[in-house]
Amino acid sequence: MAAKRKKKAKKKATKRKAAKRKATRRKATRRRATRRKTTKRKATKRKATKRKATKRKGTKRRAAKKKKKATKRKAAKRKATKRKAKKKKATKRKAAKRKVTKKKKPAKKKAKAKTKRKPNPAFMRPLQPDAALSAVVGSSPIPRTEVTKQLWVYIRKNGLQDSIDRRMINADDKLRAVFDGRSQVSMFEMTKHVAGHLK
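Residues numbered from 1 in each chain as written. Predicted model: local features only at pLDDT ≥ 70, side-chain atom pairs only at ≥ 80, totals over all residues. Heavy atoms only, no water.

Draft legend 1. Inspection of the overall build of the protein chain at higher detail. Scanning the protein chain from terminus to terminus reveals six helices and two strands. Helices (α) and strands (β) of the protein chain occur, in sequence order from the N terminus, as α-α-α-α-β-α-β-α. In the protein chain, which comprises 199 residues, the proportion classed as buried is 14%. At a minimum sequence separation of 6, the contacts of the protein chain that also span at least 24 residues come to 28%. (Helix = DSSP H or I, 4+ residues; strand = E, 2+ residues; numbered from the N terminus. Buried < 20%, exposed > 50% of the residue type's maximum accessible area, 1.4 Å probe, protein only. Contact = heavy atoms within 4.5 Å.)

Set out below in structure tokens:
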């Protein structure tokens, strides 16, 4: 009988130990669950605080930008008003100057007698063209100015001015003798070549 009692006591002790272990395990799981919940709540609170802080920063930045824009607009308006005031002053001054100038009549200047420019007698002296030049200009003695005029009449009449470069003159058989055998001569070189054919 004593052995049976001992066995029952042992079984009860083991059952109590198992129950205690289960209880401790349940408590540990509950503690873990509560810890997790608290950590989650803390994390959510931190996120919420961060969002609020970012929102506040954004609102502050927007407010600062609006203030800057407002100050810039005010400065621009001030500048515009100053410019308008300056323009009005300038127009008033101009009007005053015009009135003063209208009152004062300027003295009439005596008109100077215009004198005609006398041509150089060296250019007006008649020169004899040689045989090559007389075929274009004529054999009678004429001044240098008239020679150039007659040459241009001949060039335009025969269409000897170059179509692409109008400064160049394309020589025909008669002009080639005057231009010392050259087929094309510029306007500026023409007078040099002609000078050698006048005496």
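Draft legend 2. Focus on the nonpolar core. Counting 20 residues, the largest nonpolar core has Val-147, Leu-175, Phe-179 and Val-194 as its most contacted members. Put simply, the parts of the chain that give this core at least two residues each are helix H3 (131–137), helix H4 (144–158), helix H5 (173–178) and helix H6 (187–195). For Val-147, the residues in contact, after removing those within four places along its chain, are Leu-133, Val-137, Ile-142, Val-194 and Leu-198. (Core = buried A, V, L, I, M, F, W, Y, C linked by side-chain atoms within 4.5 Å.)

Draft legend 3. How the structure looks around H6. Buried within H6 are the following residues: Met-190, His-193 and Val-194. Angularly, the buried residues of H6 cover 95° about the axis, an arc narrow enough to put them on a single face. Opposite the buried face of H6, at more than 90 degrees from it, the exposed residues are Phe-188 and Lys-192. Here the buried face of H6 lies against H3, H4, strand S1 (168–170), H5 and strand S2 (184–186). (Arc of directions from axis to C-beta.)

Draft legend 4. The arrangement of unusual backbone geometry in detail. Here the phi dihedral of Asp-180 falls at roughly 60°; this positive angle occurs in a residue that is not glycine. Position of Asp-180 relative to the elements: it lies in the loop between H5 and S2. Taking relative accessible area as the criterion, Asp-180 reaches 53% and is therefore assigned exposed.

Draft legend 5. Quick look at the packing of H4 against H6. One can describe the packing of H4 onto H6 by two numbers: an axis separation of 11 Å at closest approach and a directional angle of 120°. The angle between the axes of H4 and H6 places the two elements in the oblique class. Here H4 runs over H6; the crossing is right-handed. Along the contact surface, H4 presents Arg-144, Val-147, Thr-148, Leu-151, Trp-152 and Ile-155, while H6 presents Met-187, Met-190, Thr-191, Val-194 and Ala-195. Partitioned by chemical class, the residues of the contact of H4 with H6 number eight nonpolar, two polar and one charged. (Axes fitted to C-alpha atoms, helices over the stretch in contact; angles between N-to-C directions. Parallel < 35°, antiparallel > 145°, perpendicular 65-115°, else oblique. Left-handed = near helix turned anticlockwise from the far one by under 90°. Nonpolar A, V, L, I, M, F, W, Y, C, P; charged D, E, K, R; others polar.)

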